[in-house]
Amino acid sequence: MTTTFKTTLITAALCALAGTAAAQTVLKIGYATSKESHYGVGSTVFCDEMEKGTQGRYKCQQFPASALGGEREQIEAVQLGTQDLTNTSTGPLGNFVPETRIVDIPFLFRDYAHARHTMDGPIGQDLLKKLQGKGLIGLAWTENGFRHMTNSKRAIMTASDASGLKLRTMENKVHMEGYKTFGLLPTPMPFPELFTALQQGTVDGQENPIPVILASKFSQVQKHLSLTGHVYSPAVILLSPAVWAKLSEADKKAFVDAAQKGGAAQRKKVNDDEANGIAQLKKDGMQVIEKVDGESFRKAVAPAYANFAKEFGADKIAAIQAVK
Ligand code: EAX
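Owing to the predicted nature of the structure, the values given are computational and were not obtained by experimental measurement.

S.K.: How do you make sense of the site of the ligand when you look at a structure like this?
M.R.: Around the ligand, the neighbouring residues are Ala32, Tyr39, Glu71, Ser89, Asn144, Arg147, Arg168, Met170, Phe191 and Asn208. One of the side-chain N or O atoms of Arg168 is found 2.7 Å from an oxygen atom in the ligand. Expressed as a share of its isolated accessible area of 270 Å², the protein-covered part of the ligand is 99%. Partitioned by chemical class, the residues of the shell around the ligand number four nonpolar, three polar and three charged.

S.K.: Any chance you could explain the environment of Pro303 here in plain terms?
M.R.: Assignment of secondary structure puts Pro303 in the loop between helix H12 (294-301) and helix H13 (304-312). Separated by 142 residues in sequence, Pro303 and Asp161 place their C-alpha atoms 19 Å apart.

S.K.: Mind showing me how you'd approach the pattern of salt bridges here?
M.R.: Any two side chains of opposite charge can pair, given that their charged atoms come close. Overall, the coordinates contain 16 salt bridges when judged by the stated rule. With its nearest N and O atoms 2.8 Å apart, the salt bridge here joins Glu207 to Arg147. Taken together, the residues Glu207 in strand E7 (residues 205-208) and Arg147 in strand E4 (residues 137-151) connect sequence positions 60 residues apart. Accessibility assignment for this pair places Glu207 and Arg147 in one class, buried. Put simply, Glu49, Lys52 and Lys261 are held in one network by salt bridges that share partners.

S.K.: Would you explain the pairing of strand E8 (residues 224-239) in this entry?
M.R.: Side-chain positions along a regular strand alternate between the two faces of the sheet. Counting buried residues along E8, 16 of its 16 residues qualify, which places the element largely inside the surrounding structure. Strand direction decides the pairing type here: E4 and E8, joined by 12 bridges, are antiparallel. Within E8, the residue paired with Arg147 across the bridge is Val231.

S.K.: Got a minute to help me understand helix H5 (residues 122-130) in this structure?
M.R.: Because an α-helix packs 3.6 residues into every turn, residues spaced three or four apart end up facing the same way. Within the sequence span of H5, burial applies to Gly124, Leu127 and Leu128. With its buried residues spanning 100° around the axis, H5 presents them on a single face. Exposed and oriented more than 90 degrees from the buried face of H5 are Pro122 and Lys129.

S.K.: How do you make sense of the confidence of the model for the protein when you look at a structure like this?
M.R.: Predicted coordinates in regions of low pLDDT should not be interpreted in detail. With 93% of its residues at a pLDDT of 70 or more, the protein has an overall mean of 95. Within the model, pLDDT remains below 50 along residues 18-22, and this stretch shows zero contacts once partners closer than five positions in the same chain are excluded.

S.K.: Looking at this model, I keep getting lost on the state of the cysteines. Mind explaining?
M.R.: By definition, a disulfide links the sulfur atoms of two cysteine residues through a covalent bond. The full count for this structure, using the stated rule, is one disulfide. There is a disulfide in this structure between Cys47 and Cys60, and the S-S distance comes to 2.3 Å. Taking the sign of the S-S torsion, -90° for the link of Cys47 and Cys60, the bridge is left-handed. Highlighted residues: Cys47 in helix H2 (residues 38-53) and Cys60 in strand E2 (residues 58-63), separated in sequence by 13 residues. Residue Cys47 shares its accessibility class with Cys60, and that shared class is buried.

S.K.: Would you take a moment to explain the nonpolar core for this structure?
M.R.: A general trend in soluble globular proteins is that nonpolar side chains are found buried together. Counting 45 residues, the largest nonpolar core has Ile105, Leu136 and Phe297 as the members making the most contacts within it. Not counting the four nearest positions on each side in its chain, Ile105 is found in contact with Val174, Val231, Tyr305, Phe308, Phe312 and Ile317. Within the second largest apolar cluster, 19 residues are counted, among which are Leu27, Leu85, Leu139 and Leu247.

S.K.: How do you make sense of the side chain of His230 when you look at a structure like this?
M.R.: Examined against the element boundaries, His230 turns out to sit in strand E8. For His230, a relative accessible area of 1% puts it in the buried group. If we skip the residues at most four places from it in the chain, His230 touches Pro106, Phe107, Arg147, His148, Met149, Tyr179 and Glu207.

Calculation notes
- Residues numbered from 1 in each chain as written.
- Predicted model: local features only at pLDDT ≥ 70, side-chain atom pairs only at ≥ 80, totals over all residues.
- Heavy atoms only, no water.
- Near = heavy atom within 4 Å.
- Polar contact = N/O pair within 3.5 Å; in protein donor to acceptor, adjacent residues only side chain to side chain.
- Areas by Shrake-Rupley, 256 points an atom, 1.4 Å probe, with all protein chains shown as cover.
- Nonpolar A, V, L, I, M, F, W, Y, C, P; charged D, E, K, R; others polar.
- Helix = DSSP H or I, 4+ residues; strand = E, 2+ residues; numbered from the N terminus.
- Salt bridge = Lys/Arg side-chain N within 4 Å of Asp/Glu carboxyl O.
- Buried < 20%, exposed > 50% of the residue type's maximum accessible area, 1.4 Å probe, protein only.
- Pairing = 2+ DSSP bridges.
- Arc of directions from axis to C-beta.
- pLDDT = per-residue confidence, 0-100.
- Contact = heavy atoms within 4.5 Å.
- Disulfide = S-S within 2.5 Å.
- Core = buried A, V, L, I, M, F, W, Y, C linked by side-chain atoms within 4.5 Å.

Here you go:
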């Protein structure tokens, strides 16, 4: 081998090394529950696909289990650009983008198919675009799931059983307004404080989808679970505008595609947990009321719909209800 050829080879190898090192950007993504939970499954698919779609120029560092704080804090950090990404429920999102609160109305969605079609269709996609005006990039809707009530006091079959219980809610005024009609005493609190609050009896109960109840081991601190399914809890992968602004058109598309794949995987995990999680929670000692009197809850919340119509527009609510 000639010296010149050797030099060329070494230079090429060094350039390749420097090239990869310089071009790889690590983005921080945070979410509320464990890496094994629906948020972890969805985020991992998003991260893998995003890395592939950008030929390894972008990759994630994951922060599960609220390591970067509560969901409101994380949304704020993404807005400020001190955190790159979060996969979060829309619970606190209405504090940043008020229009999104419409999806937080209790008993608005009939079932998963209805909710998912709405989020994936023009109504959901329009809402996603609204985020941009508030300094947040919504890459794709993911999912938390239909929320069910747990508590340490009694079995809830009807709305009057719920009456008088002190229930932790998300920092979401539409939820709080709705739950008051069931006679509940809503107590907003960031998620990372919830387990201890249940353990110490600061609140009697909480409401969350099965995947969250499982992942957070609420069976250790709550006796009763009622499958109230009283509200749908969408989730979303949010990206900081500071990162978005630096992406090429091709990379933007790669991020969005990856987020949509992450969302699909997250929904599949929600399905699996809904199918298998209730048996697990029973095994863990929870008393589960599967046949809740949904009509009693719907009747209770019906008068609050007048206020929701004032806030969001009766036509907008009806348009969601009309989605097949
Ligand atoms: O998004 O705060 C909540 O109850 C949320 O459902 C939880 O953080 C997962």
